[in-house]
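Residue-level listing of the chains:
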Amino acid sequence: MNKVNDDDQIIKKIMNKLNCNCVKRIGKGGYGSVYHIKNKNGNYALKLIKINRLKEKNDPQRYQTTIEKIRYELESSINLKSKYIIKTVQTFEYKKDSDDQDLKDFPEHIVCFGIIMEKAAYNDLNFLIHLYKKKILFNSRMNNHPLFSTMSDFTIKFFINQIILGLDFLNRSFLIHADIKPENILLNYGFTTKITDLSTLTAIKKNSDLILPSGTFCFQGPEYYEEQKKIDSKDSEKIDIFALGIIIYYMKYFIYPMNQNNKAKLNKNQVIGILNKEIENISNDSNISPELKELMIKMIEPDISKRATIEDILGNKWLNEEKKFIDKIHRLNDGEDVKLFIEFQKYDKEWYEKKKKEKEKEKKEGVKKSKKYKL
Ligand SMILES: Nc1ncnc2c1ncn2[C@@H]1O[C@H](COP(=O)(O)OP(=O)(O)O)[C@@H](O)[C@H]1O
Ligand SMILES: [Mg+2]
């Protein structure tokens, strides 16, 4: 069956059933797509997981396990209520009707699973980092500003402080995400981060080992290279902490320590070697503040038993310094990207300090106060 027609037909039928309009496709993954949809109440995102895309469909046992996993994703996402996790409004299983003539070639009884979520206003964190990387985020006045060639400490703290609250919420619900990466961190108004993609969500069972769910290579620590892919359940949350540490690394250097090129070749000792080398490089990097160094190194610690916990990160004094700025930015709730980005820059501490110095200089030189940058 032609994939494009098949997608079109299914989305049309679902839109009819839900009484919604499909605006456009906003994301595409291995098993399905995410659409921006609309009804009289507002905008939503719809994730469709299509059964005919499942690799496992020719192996009945694995197929059944996958179906159970998807049902678990649907069930658990409905129950998660946190500002820092994307809110699921409704889930459904779309089954073939006997009169579905145009789907008659469809091999399975269930056509697809659907998750209707709140729609994040902006793209995901990966896109934002990409804007920084390409230096296209800021207007021409800012293009050559050294502050914006990389993500500043404030910007990094702003995001990490929020993501850790999402992870803490999951942890309190005895869950780990297991696929934390910039693509799965959505950005809503005020740059509130919303963790999404709960397909790898895994329950932590006390006193029994955690079988590591499959996630994304670049964000996996040495524990993933053990033959028996399992860890002590008390270390479960550190899977997500490692991934978050890699996100910080990526925000700072715009590359990953383990990249797709060496994916197939690596063994556990090599991964530990790569990480230790990176830790040494970070320690010697004079362009990073000592506090960010310490934080990053604690999070990408190769030995899972020594790695930082969620509690360690929540209690980090340096991260806590910026909490009041985060509330301020969230309250702006402007909705207009450009304005918001400008506000965002205003609250950047380094920017703030620079402007403060400029102002003092102006004052000394007797230049009239600029009203533009209120401090
Ligand atoms: N609720 C949402 N609001 C806005 N964009 C979304 C939403 N959910 C997903 N997306 C976009 O779609 C992409 C894929 O969604 P995701 O749930 O991560 O599916 P996959 O399992 O295919 O990775 C995300 O990286 C994001 O860019
Ligand atoms: Mg994803």
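Residues numbered from 1 in each chain as written. Chains lettered and ligands numbered in written order. Predicted model: local features only at pLDDT ≥ 70, side-chain atom pairs only at ≥ 80, totals over all residues.

Here we take up the sheet that holds strand 5 (residues 110–118). What the 5 strands build is an open sheet, ordered 1-2-3-5-4; its pairing is antiparallel. On the outer flanks of this sheet lie strand 1 (21–28) and strand 4 (88–95), each paired with one strand and no other. Sheet twist, expressed as the average angle between the axes of neighbouring strands with direction ignored, equals 25°. Bridge count between strand 2 (residues 32–39) and strand 3 (residues 42–50): 8 bridges; the pairing is antiparallel. Of the residues in strand 3, the one forming a bridge with N39 is G42. This element, helix 2 (residues 60–79), spans strand 3, strand 4 and strand 5 of the sheet and lies at about 150° to strand 4. (Pairing = 2+ DSSP bridges. Helix = DSSP H or I, 4+ residues; strand = E, 2+ residues; numbered from the N terminus. Axes fitted to C-alpha atoms, helices over the stretch in contact; angles between N-to-C directions. Contact = placed C-beta atoms within 7 Å.)

This next bit is on the site of ligand 1. Around ligand 1, the structure places 18 residues, and the nearest of them are G27, G29, V34, A45 and D197. Listing elements by their share of the shell around ligand 1, those giving two or more residues are strand 1 and strand 3. In terms of residue class, the shell around ligand 1 is built from 7 nonpolar, 6 polar and 5 charged. Among the domains, domain 1 (3–118) and domain 2 (125–320) are the pair contributing at least three residues each to the shell around ligand 1. (Near = placed C-beta within 6 Å. Nonpolar A, V, L, I, M, F, W, Y, C, P; charged D, E, K, R; others polar. Domains from an automatic or database assignment.)

What follows covers the confidence of the model for the protein chain. Taken residue by residue, the protein chain gives an average pLDDT of 83. The fraction at 70 or more is 78%. Scored below 50 in pLDDT, residues 369–375 makes 6 contacts in the model with residues more than four places away or belonging to other chains. (pLDDT = per-residue confidence, 0-100.)

Formed by 63 residues in total, the largest nonpolar core has its most connected members in I163, A243, L244, I248 and M299. Ranked by residues supplied to this core, first place goes to helix 5 (residues 237–253) with 10 residues. Lining this core are residues from two domains, each supplying at least three of them: domain 1 (3–118) and domain 2 (125–320). (Core = buried A, V, L, I, M, F, W, Y, C linked by C-beta atoms within 7 Å. Buried ≥ 20, exposed ≤ 12 C-beta atoms within 10 Å, placed from the backbone.)

With that settled, consider the packing of helix 6 (residues 268–284) against helix 7 (residues 290–299). For the pair helix 6 and helix 7, interaxial distance at closest approach is 9 Å and the crossing angle is 170°. It follows that helix 6 is roughly antiparallel to helix 7 by the angle criterion. For the pair helix 6 and helix 7, the contacting residues are I279, I282 and S283 in the first and K293, M296 and I297 in the second. Counted by class, the contact of helix 6 with helix 7 contains 4 nonpolar, 1 polar and 1 charged residues. (Parallel < 35°, antiparallel > 145°, perpendicular 65-115°, else oblique.)

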